[in-house]
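# Examination of the molecular architecture
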Amino acid sequence: MEYSRTTASASGSFLQHGMRFSTSVPNDPDTHDDFKPTNKLENSEITLKDIVEQDVKDNHVMIYMKGDPEQPRCGFSSLAVRVLSEYRVPIHSRNILEDPELKNAVKAFSMWPTFPQIFINGEFIGGSDIILNMHQNGELKEKLKAKSSD
């Protein structure tokens, strides 16, 4: 199954190739500024809303979830990944547990309070309960077949 974990300049930790990496730096006076990671959003005009809009626009299936597809951190996120995986489509994701500001930006964008949040072809679909229902009645198969015309 092909999963793509999308990362922005939000700090936190991430899992890649089975190894956990951290982008946050402790307050260590011995660390030279040249070696500290920078927050690319700090000095740019890009907002978290812009990142969410770009994620949704650029990815056929985008899921904002707790954890990542390889290692979901809640039952609802796990269910959503299992259902979507049945269709063998690339799933792009962001772990909302790593960045509370991203989590709030996604909620504001979709106007929906809970996670996971699944977008297909740029359209907000809902959470795991909606995806499961659509899977059971055949709607999800049709929705995933239709590629975005943009």
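For the structure itself, consult the block above.
Notes on the structure in this doc start here. Here the structure is a predicted model, which means the values were calculated and not measured.

Right, let's talk about the pattern of salt bridges for a bit. If you walk through the whole model with that rule in mind, you get four salt bridges. Two residues, Asp55 and Arg94, come together in a salt bridge whose shortest N-O distance is 2.5 Å. A residue pair is termed long-range when its members are at least 10 positions apart, and Asp55 in helix α1 (residues 48-58) and Arg94 in strand β7 (residues 91-95) qualify at 39 residues. A single burial state applies to Asp55 and to Arg94, both of which are buried. In this structure, Lys145 and Glu142 form a salt bridge, with 3.6 Å as the shortest nitrogen-oxygen distance. Of this pair, Lys145 and Glu142 both sit in helix α5 (residues 139-145), three residues apart, which is roughly one turn of the helix. With relative accessibility at 46%, the residue Glu142 sits in the partly exposed group.

Bringing the packing of helix α2 (residues 75-85) against helix α4 (residues 128-137) into the picture now. Put simply, α2 and α4 touch, their axes get as near as 9 Å, and they point 30° apart. Relative to α4, α2 is oriented roughly parallel. Considering the relative orientation of α2 and α4, their crossing is left-handed. From α2, Phe76, Leu79, Ala80, Val83 and Leu84 reach across to α4, where they touch Ser128, Ile131, Leu132 and His135. Counted by class, the contact of α2 with α4 contains seven nonpolar, two polar and no charged residues.

Calculation criteria
Residues numbered from 1 in each chain as written. Predicted model: local features only at pLDDT ≥ 70, side-chain atom pairs only at ≥ 80, totals over all residues. Heavy atoms only, no water. Salt bridge = Lys/Arg side-chain N within 4 Å of Asp/Glu carboxyl O. Helix = DSSP H or I, 4+ residues; strand = E, 2+ residues; numbered from the N terminus. Buried < 20%, exposed > 50% of the residue type's maximum accessible area, 1.4 Å probe, protein only. Axes fitted to C-alpha atoms, helices over the stretch in contact; angles between N-to-C directions. Parallel < 35°, antiparallel > 145°, perpendicular 65-115°, else oblique. Left-handed = near helix turned anticlockwise from the far one by under 90°. Contact = heavy atoms within 4.5 Å. Nonpolar A, V, L, I, M, F, W, Y, C, P; charged D, E, K, R; others polar.

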